[in-house]
Amino acid sequence: MASRDLRAEVDFVLLQLLGDLEQLEAKRQALNARVEEGWLSLSKARYAMGAKSVGPLQYASHMEPQVRVGTSESQDGLQKFWMVRAGTQTPEEVGSREAAFLSSALRRRKGLPRTPEPDSSPAPQNPLKWFGILVPHSLRQAQASFREGLQLAADMASLQSRITWGQSQLQELQEKLKQLEPRAP
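Here the structure is a predicted model, which means the values were calculated and not measured.

Colleague: Pulling in residues and values, what's your account of the packing of helix α1 (residues 2-49) against helix α3 (residues 137-180)?
Modeller: How two helices sit against one another is set out by the angle between their axes and by the gap between those axes. Two numbers describe how α1 lies on α3: the axes approach to 7 Å, and their chain directions differ by 160 degrees. When the axis of α1 is compared with that of α3, the two are roughly antiparallel. Crossing of α1 over α3 shows left-handed handedness. Tallied by class, residues from the contact of α1 with α3 come to 26 nonpolar, 12 polar and 12 charged.

Here is the structure:
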């Protein structure tokens, strides 16, 4: 009876693993299409603005990232990745800022009221402004394509983590199944 339940669990994990592999392949194809579309749009912008108008010489001397990767790990060891825009805050950052505000507010009760201090991190600048005010639409399309590609890359990393976890689960179940079934002479 336990062998039958174990086989059903192996089948379930295997089907889930195959579904994840299919999703990963679809996301890889979509990522390749977005990156190709982005480079094509970038070359169109270089053609429209001139080869020297879109290049490394127009980059800012100090660049700030527009997005970053957030990670979390569940109790079973499965990691998840997602994109966090530069203007947004993670729950940990929000909690620490609220705690800092409350502690400073409690310290200033008896003194004169002060105006709250502005955030030390200014809003990130749009990199398209490095190339002028009126940029071609193809440059905006390139930026959008690369942003979509970043999101797909984060999704692919999560899927790859889930596939690796599924493979280890499948191996463990297969070993348990081998131990339960008697060897045929």
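Colleague: Kindly report on the pairing of strand β2 (residues 79-85), identifying the contributing residues and their values.
Modeller: Here is the key point about a regular strand: its side chains alternate between the two faces of the sheet. Pairing between strand β1 (residues 67-73) and β2: seven bridges, direction antiparallel. Bridge assignment links valine 67 to a residue of β2, and that residue is arginine 85.

Colleague: Describe the side chain of serine 158, with residues and values.
Modeller: Positionally, serine 158 belongs in helix α3. At 2.7 Å, the side chain of serine 158 and the backbone nitrogen of phenylalanine 81 are in polar contact. Residues in contact with serine 158, not counting those within four places in the same chain, are Gln79, Lys80 and Phe81.

What counts as what
- Residues numbered from 1 in each chain as written.
- Predicted model: local features only at pLDDT ≥ 70, side-chain atom pairs only at ≥ 80, totals over all residues.
- Heavy atoms only, no water.
- Axes fitted to C-alpha atoms, helices over the stretch in contact; angles between N-to-C directions.
- Helix = DSSP H or I, 4+ residues; strand = E, 2+ residues; numbered from the N terminus.
- Parallel < 35°, antiparallel > 145°, perpendicular 65-115°, else oblique.
- Left-handed = near helix turned anticlockwise from the far one by under 90°.
- Nonpolar A, V, L, I, M, F, W, Y, C, P; charged D, E, K, R; others polar.
- Pairing = 2+ DSSP bridges.
- Polar contact = N/O pair within 3.5 Å; in protein donor to acceptor, adjacent residues only side chain to side chain.
- Contact = heavy atoms within 4.5 Å.

Note that every value here comes from positions in space, so none of it alone points to a role or purpose.
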